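A structural walkthrough
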Amino acid sequence: VQLVESGGGLVQAGGSLRLSCTASTMRFSINAMGWFRQTPGKQRELVARITNSGGRTNYADSVKGRFTSSRDNAKNTMYLQMNSLKPEDTAVYYCNVRGVEHSDSRWYDHWGQGTKVTVSS
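As the structure is a prediction and not an experimental result, all values here were calculated from the model.

A short note on the state of the cysteines
Under the criterion given, the structure shown has one disulfide. The disulfide partner of cysteine 21 is cysteine 95, and the gap between their sulfur atoms is 1.9 Å. Taking the sign of the torsion about the S-S bond as the criterion, the disulfide between cysteine 21 and cysteine 95, at about -75°, is left-handed. You can see cysteine 21 sitting in strand S3 (residues 17-24) and its partner cysteine 95 sitting in strand S9 (residues 91-101), a full 74 residues away along the chain. By relative accessible area, cysteine 21 is classed as buried at 0%.

Okay, structure coming up:
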């Protein structure tokens, strides 16, 4: 599985950014796609995750009402629209897919390379 992210950058507080993640998933069945973020010295935290089960999207409380995650299954691409950005949203954002490898029928998590988002005050 290969995940290619794009869309990070520098933005002023109150601004918007849109992240994209495209997954190349030969012989892998995706169950969920999500975004996580990490700042130095802290654990990686869930931002948003879309599951196949009912198409639900779970958001971290800190981003509810400001961030929207969507998924284009035909393109195996996931987006994170981030509005009303705050300095505390500054982090490296990682794309994640969770699913089953066809070769061994086991569950795996795969990660993108990360894209940096910096929100200035």
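Structure shown, so let's carry the discussion forward.
What about the pairing of strand S11 (residues 115-120)?
Going residue by residue along S11, you find Thr115, Val117 and Val119 tucked away on one face and Lys116, Thr118 and Ser120 left uncovered on the opposite face. Pairing of strand S2 (residues 9-12) with S11 involves four bridges; the strand directions are parallel. Pairing of glutamine 12 across the sheet is with serine 120, part of S11. Of the strand pairs in this sheet, S9 and S11 are connected by three bridges, and their pairing is antiparallel. Across the sheet, the residue bridging to valine 92 is lysine 116, located in S11.

Calculation notes
Residues numbered from 1 in each chain as written. Predicted model: local features only at pLDDT ≥ 70, side-chain atom pairs only at ≥ 80, totals over all residues. Heavy atoms only, no water. Disulfide = S-S within 2.5 Å. Helix = DSSP H or I, 4+ residues; strand = E, 2+ residues; numbered from the N terminus. Buried < 20%, exposed > 50% of the residue type's maximum accessible area, 1.4 Å probe, protein only. Pairing = 2+ DSSP bridges.

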